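What the coordinates show
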Amino acid sequence: MLIAMVKAAKILLSKNYNVKLLFVGRGDAFSYLKEYVSNEKLQEHVLVHHSMPHFMIPLLLEVSDIVLAPYPININWYVQHPLKVVESLGLLKPVITSPLRELREIMPKELLIDTAKSERLPQEIAQKIEKILAIMREKDSKEYRVLFEELKKLQARFSWENIARKLYNCLYEMLKQ
């Protein structure tokens, strides 16, 4: 998945897009990713950073134009509701992600990508990014208004205030019993 995103960036760079990818994390996959980026001489466009305190992640998301969050479609991820997606929606950022069950029910279809087709994944990610960037450039277009109205609804639904209110109400109801 990580390498597919780097390959997508390479496709976009070949089309003269000014692309910067930032990966934050740790583990064996990140060691391999760092080596791959170095071998492909993409260090100027792809930054691989070690883990950061969680409070810094919203700051990184804030400066992003688009957030990539593709997940494998398998039993481990099938019922997940990735926090990165919710945080990004809270910041009104388009998130290109996988149609996990929980996400498929809430995300605009323009932002979903089929990660099961791994051989075509870099091309599909690049195409989605190009489409979203085109929509974002045409702020007067119907596509822009529709997409960002959907994102605004999701932003309101997943705002920290709304989540905190739901949690408070749930706890209040539990304590009343």
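Residues numbered from 1 in each chain as written. Predicted model: local features only at pLDDT ≥ 70, side-chain atom pairs only at ≥ 80, totals over all residues. Heavy atoms only, no water.

**Some details on the pattern of salt bridges**
Taken as a whole, this structure holds six salt bridges when the rule is applied. Glu 150 is the partner of Lys 153 in a salt bridge, and the nearest nitrogen-oxygen pair spans 3.8 Å. One end of the pair, Lys 153, and the other, Glu 150, are both in helix α7 (residues 142–157), three residues apart, so they sit about a helical turn from each other. Given the relative accessible area of 54%, Lys 153 is considered exposed. Overall, the relative accessible area of 31% leaves Glu 150 in the partly exposed class. Here Glu 173 and Lys 176 are joined by a salt bridge, their closest N and O atoms 3.4 Å apart. With Glu 173 and Lys 176 both in helix α8 (residues 160–176), this residue pair falls three residues apart, about one helical turn. (Salt bridge = Lys/Arg side-chain N within 4 Å of Asp/Glu carboxyl O. Helix = DSSP H or I, 4+ residues; strand = E, 2+ residues; numbered from the N terminus. Buried < 20%, exposed > 50% of the residue type's maximum accessible area, 1.4 Å probe, protein only.)

**Observations concerning the pairing of strand β1 (residues 21–25)**
By the alternation rule, side chains of β1 split into Leu 21, Phe 23 and Gly 25, which are all buried, and Leu 22 and Val 24, of which none is buried. Here β1 pairs with strand β2 (residues 46–50) via five bridges, running parallel. Its bridge partner lying in β2, Val 24 is registered against His 49. Taking the sense of rotation as the criterion, the β-α-β connection linking β1, helix α2 (residues 28–39) and β2 turns out right-handed. (Pairing = 2+ DSSP bridges. Right-handed = clockwise from strand over helix to strand, strands pointing away.)

**A word on the side chain of His 45**
Note that His 45 resides in the loop between α2 and β2. Judged by its relative accessible area of 18%, His 45 is buried. Among all residues touching His 45, those that are not within four sequence positions of it are Leu 13, Val 19, Lys 20 and Leu 21. (Contact = heavy atoms within 4.5 Å.)

**Things to note about helix α4 (residues 83–90)**
Turning to α4, its buried residues are Val 85, Val 86, Glu 87, Ser 88 and Leu 89. Packed against the buried residues of α4 are α3 (57–62), β3 (67–69), β4 (95–97), α5 (101–104), α7 and α8.

**Regarding the nonpolar core**
Counting residues in hydrophobic clusters, the biggest one holds 50 residues, and the most contacted among them are Phe 23, Leu 89, Met 107 and Ile 125. Here the element with the most residues in this core is helix α1 (residues 2–14); it accounts for eight residues. Non-local contacts of Ile 125, meaning those with residues more than four positions away in its chain, are made with Ala 4, Met 5, Ala 8, Leu 68 and Ile 113. (Core = buried A, V, L, I, M, F, W, Y, C linked by side-chain atoms within 4.5 Å.)

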